[in-house]
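# Observations on chain architecture
The primary structure of each chain is shown beneath.
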Amino acid sequence: MSNTDRDDGGGVQQGGAPSPDALLPTLDEEQLGVLRWVGREWGRVSGDPEAWRRALPVDPDLGRYPAPSEILPVRFGRFVRVSPVGGQPSGVEATGEDTRPSRLGRVGSGVRHVLLGAPLRSTAIAYERMRKVVALPVLSADALSSVAYGPEAMLAVLVLGGASALSYSVPVAATIVFLMLAVGMSYRQTIRAYPHGGGSYIVATANLGRVPGLAAAAGLMTDYILTVAVSVASGMAAVTSAIPSLEPDIVAIGVVVIAVLLAGNLRGVRQAGVLFAAPTYAFVLAVFVLVALGLFDAADRGFQPVAAPRLTATEGVDVLLVLRAFASGSTAMTGIEAISNAVPAFRPTEWRNARTTLTWMVGLLIALFAGTIALVHLDGVVPSAKETVLSQLAHRAFGPGFLYVFTQAATAAILLLAANTAYNDFPRVLFLLARDNQAPRIFLRLGDRLAFSNGIILLSVAAAAIYAAFDGRTAPLIPLYAVGVFLAFTLSQAGMVVHWWRLRDRHWRKSLAFNATGALLSAIVFITAGVTKFTEGAWFAVLVVGLFILVTTRIRHHYDVVGKALELHPHAVEVPSRTITPPRSEDGAKRTNAQTSSPEPEAPTEAQSEAETEETPEEIHPLSIVPIATLDLAGMRALAYAASLQQPVLALHISPSEDEAQRFREYWREWGDHLPLKIVVSPYRTIVAPLVNYIESLHHQRPDLTLTVILPEIVVRHWRHRLLHNRLAARLRRALRPLPKIVVTTVPFHV
């Protein structure tokens with residue numbers, strides 16, 4: 001919530017399921033014990049808690065935010081109507097910083113609402129999960145679409161050895177099919193072992209250690225970024241095979257496609273699934289029809305292969321060439337791990353639905369890949385610079401008619417939209433890294449549509465940059481592709497071997513054998529791709545993995561330092577030499593005035609209050625408000641500072657859910673409930689808007705009060721560390737500045 005950077009983390013559901021409480025900390029028994037100790041010290045010096053409550057000049061209970069009648073936003077605007085005390089409604093932007101948006105801001109928010117949809121409440125997260133029929137196209141599009149370029153990548157290496165090398169296409173393809181089956185079965189075991197979501201990062205970290213886990217995460221994230229770039233590049237190749245005149249514009253068109261993917265995924269998982277389901281099913285149908293018709297034609301000639309065109313060998317046929325072809329063809333397996341990463345995105349029972357969907361995906365992938373290779377072998381097709389292999393097969397089977405156009409359109413659509421798998425899993429891996437303090441905590445935030453918006457935006461920017469840097473070409477991206485994905489496969493499967501060896505439950509030997517086979521084959525592909533394609537660009541992927549581990553390790557170190565500095569411990573609290581006297585209530589103040597025969601001051605009118613005409617100290621009627629996110633050292637110092645002023649104090653906590661609100665109330669009671677506390681539940685996970693709205697409502701209730709908002713602020717030594725914190729104090733200061741009779745002060749906490 002409000003004032004600190006929430007560096008401790010917490011409130012995360014098991015396995016990385018999205019949780020609106022992820023930014024807020026949980027306290028273990030040791031921390032609760034320290035909190036009770038600090039509370040006892042507070043009680044010794046701060047006086048009677050009831051005196052602090054009686055001194056409040058306002059009623060802190062202003063109702064819910066938004067009010068029950070105002071829960072749903074208007075249809076074409078993102079502004080929730082919230083009526084402050086005083087009866088004058090003010091528009092509060094659902095995720096903005098200003099309670100009085102400008103006309104330009106309203107127009108921009110309206111456009112965003114139309115494009116992305118209305119913000120979803122946190123309680124809607126259960127309804128954003130996917131059925132199997134939707135999850136299959138969303139999470140399998142990457143793997144299934146690789147049929148369009150995986151076989152071609154394998155053949156592009158074999159043709160370097162001439163016609164004799166092409167004879168190895170069938171055994172190499174058979175080995176890849178076996179690898180698909182082994183890795184697919186291995187990930188079924190992973191889902192069984194990690195029913196709440198067990199991607200490569202979780203499995204490798206839990207069983208192999210933090211550095212292997214980071215290496216797996218680096219491989220996954222490299223894979224996902226390249227998935228978007230390669231899918232769009234391959235889709236544009238399919239388009240230009242049918243419409244060559246678009247060749248000069250492939251970079252611009254591809255960037256536009258990535259922008260469409262960005263907008264579609266910002267609408268949320270379920271919306272994106274419905275949007276992208278049709279192209280996946282259309283592609284599966286088109287390839288099945290193509291393979292069936294091609295095999296039917298081959299049956300008429302007794303399945304005799306057609307002679308391939310004459311080829312000039314540029315390399316000798318050796319083991320290295322075959323291994324390179326195997327590594328290139330194995331890119332058809334990219335995306336096979338996506339379902340195990342996204343188990344929490346399924347409807348209950350999540351793990352069972354995920355395993356079923358994984359089985360469907362592996363079966364379809366093997367059928368499409370094997371069928372395509374069979375047609376290539378029977379029809380004598382070889383890669384061409386002007387036309388893709390799949391386009392050549394479709395031309396031979398269908399001619400230039402409707403079915404050819406349908407096949408090319410379906411291929412282009414699934415390739416362009418296959419990146420949606422990466423959009424589902426890349427932000428989730430970032431979320432897990434941020435949860436473990438190994439990535440900026442901004443990636444824990446759920447957006448308006450309950451998607452990890454910041455991760456989605458980062459993925460789009462990175463993929464668009466790589467796509468443009470390689471001029472939208474598929475071939476130079478493939479060497480970068482295989483290294484990352486098979487590094488993650490290898491570490492994940494090796495982690496599962498360790499898992500079964502430690503657990504040794506029922507059928508553990510069979511599960512270990514599956515995962516060991518998957519680990520061995522994945523390691524062979526990873527080493528082969530790394531060695532044979534090192535000079536072609538694989539070196540860059542290896543460098544990225546190393547830099548990723550270095551950066552995430554440094555981020556973890558910084559958060560550990562900050563967390564240690566913010567941690568409450570007994571010797572960090574100095575007992576004041578004087579007792580803090582609670583301020584007198586207004587009734588007590590009036591009695592004192594009467595006893596001294598001083599005339600009681602008249603309450604100022606609202607116009608006088610709004611004019612801010614106070615000239616002498618006795619004209620100031622103060623109230624301190626301390627937005628408090630967590631009871632850490634920075635928050636406690638802000639509360640102590642406010643209490644030391646000996647004027648009325650109100651602590652304010654903005655909670656994203658009722659569960660977190662109840663948890664914070666319990667922590668507050670453990671501390672001793674020494675000051676008045678108001679908790680505002682923000683169902684749209686916003687911070688600034690409900691806080692500003694609440695403060696403005698207090699001002700409407702008592703226009704004569706001068707409200708002092710006291711904000712803790714973490715101050716870091718280096719500018720680069722500012723990127724790791726949310727700078728909430730600065731945002732609140734900007735948002736509160738336009739409001740009358742509001743004083744904003746910060747209590748800096750240096751780390």
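As the structure is a computational prediction, the values presented were derived from the model and not from experiment.

## Observations regarding the packing of aromatic side chains
Applying the stated criterion across every chain, the model contains eight aromatic pairs. Measuring from ring centre to ring centre gives 6.2 Å for Phe402 and Phe406, while their planes differ by 25°; the resulting arrangement is stacked. Of this pair, Phe402 and Phe406 both sit in helix α16 (residues 402-417), four residues apart, which is roughly one turn of that helix. The class for Phe406 is partly exposed, based on a relative accessible area of 28%. One aromatic cluster in this structure is built from Trp42, Phe664, Trp668 and Trp671. The ring of Trp501 is capped by Arg504, whose NZ or CZ atom sits 3.9 Å from the centre of that ring.

## Observations concerning the pattern of salt bridges
Under the defined criterion, the tally for this structure stands at 10 salt bridges. Asp436 is paired through a salt bridge with Arg435; the nearest N and O atoms lie 3.4 Å apart. A salt bridge links Asp704 to Arg702; its shortest N-O distance comes to 2.7 Å. Accessibility classification places Asp704 together with Arg702 in one group, the buried group. Here the residues in one salt-bridge network are Glu50, Arg53 and Asp673, joined through shared partners.

## With respect to helix α10 (residues 250-266)
Spacing of three or four residues puts side chains on the same side of an α-helix, whose turn is 3.6 residues. Spanning 17 residues, α10 covers 24 Å between terminal C-alpha atoms, matching the ideal 24 Å at 1.5 Å per step. By the burial criterion, the buried members of α10 are Ile250, Gly254, Val257, Ile258, Leu261, Gly264, Asn265 and Leu266.

## A few points about the packing of helix α9 (residues 210-242) against α10
For the pair α9 and α10, interaxial distance at closest approach is 10 Å and the crossing angle is 125°. Relative to α10, the element α9 is oriented oblique. The two elements α9 and α10 meet at a crossing, and its hand is right-handed. On the side of α9, the interface is formed by Val228, Val232, Met236 and Thr240, while α10 contributes Ile250, Ile253, Gly254, Val257 and Ile258. Along the lines of polarity and charge, the residues of the contact of α9 with α10 split into seven nonpolar, two polar and no charged.

## Considerations on the nonpolar core
The biggest cluster of nonpolar side chains holds 142 residues, and the ones touching the most others in it are Met154 and Leu433. If you tally residues by element for this core, the top one is α9, at 16 residues. Of all hydrophobic cores here, the second largest spans 37 residues; its members include Leu35, Trp42, Ile580 and Ala651.

## Quick look at the sheet that holds strand β4 (residues 649-655)
Strand order across the open sheet formed by five strands is β5-β4-β3-β6-β7, with parallel pairing between neighbours. Strand pairing shows two members of the sheet lacking a second neighbour, β5 (677-681) and β7 (742-750), which therefore form its edges. In this sheet, neighbouring strand axes are inclined to one another by 25° on average, regardless of whether the strands run parallel or antiparallel. Taken together, the nine bridges between strand β6 (residues 705-715) and β7 define a ladder with parallel strand orientation. Bridge pairing in β7 places Val715 opposite His750. Seen against the sheet, helix α26 (residues 688-701) touches β3 (621-627), β4, β5, β6 and β7 and runs at an angle of roughly 145° to β4. Set on the sheet, helix α28 (residues 728-736) makes contact with β6 and β7; between it and β6 the angle comes to about 155°.

## With respect to the confidence of the model for the protein chain
When pLDDT is averaged along the protein chain, the result is 78, and 80% of the positions lie at 70 or above. Considering each helix and strand of the protein chain separately, the mean pLDDT is smallest for strand β2 (residues 90-93), with a value of 36, and largest for helix α14 (residues 350-379), with 92. Note that pLDDT drops below 50 for residues 1-16; the model gives that stretch 91 contacts with residues more than four away or on any other chain. In this model residues 588-609 is a low-confidence stretch, pLDDT under 50, and it forms 11 contacts with partners more than four residues away in sequence or in other chains.

## Brief notes about the side chain of Gln392
By the secondary structure assignment, Gln392 is in helix α15 (residues 389-398). A relative accessible area of 14% means that Gln392 is categorised as buried. Other than its neighbours up to four places away in sequence, Gln392 contacts Val381, Val382, Pro383, Ser384 and Glu387.

Rules and cut-offs
Residues numbered from 1 in each chain as written. Predicted model: local features only at pLDDT ≥ 70, side-chain atom pairs only at ≥ 80, totals over all residues. Heavy atoms only, no water. Phe/Tyr/Trp six-rings, centres within 6.5 Å; stacked < 30°, edge-to-face > 60°. Helix = DSSP H or I, 4+ residues; strand = E, 2+ residues; numbered from the N terminus. Buried < 20%, exposed > 50% of the residue type's maximum accessible area, 1.4 Å probe, protein only. Lys NZ or Arg CZ within 6 Å of the ring centre and 35° of its normal. Salt bridge = Lys/Arg side-chain N within 4 Å of Asp/Glu carboxyl O. Expected span 1.5 Å × (residues − 1). Axes fitted to C-alpha atoms, helices over the stretch in contact; angles between N-to-C directions. Parallel < 35°, antiparallel > 145°, perpendicular 65-115°, else oblique. Left-handed = near helix turned anticlockwise from the far one by under 90°. Contact = heavy atoms within 4.5 Å. Nonpolar A, V, L, I, M, F, W, Y, C, P; charged D, E, K, R; others polar. Core = buried A, V, L, I, M, F, W, Y, C linked by side-chain atoms within 4.5 Å. Pairing = 2+ DSSP bridges. pLDDT = per-residue confidence, 0-100.

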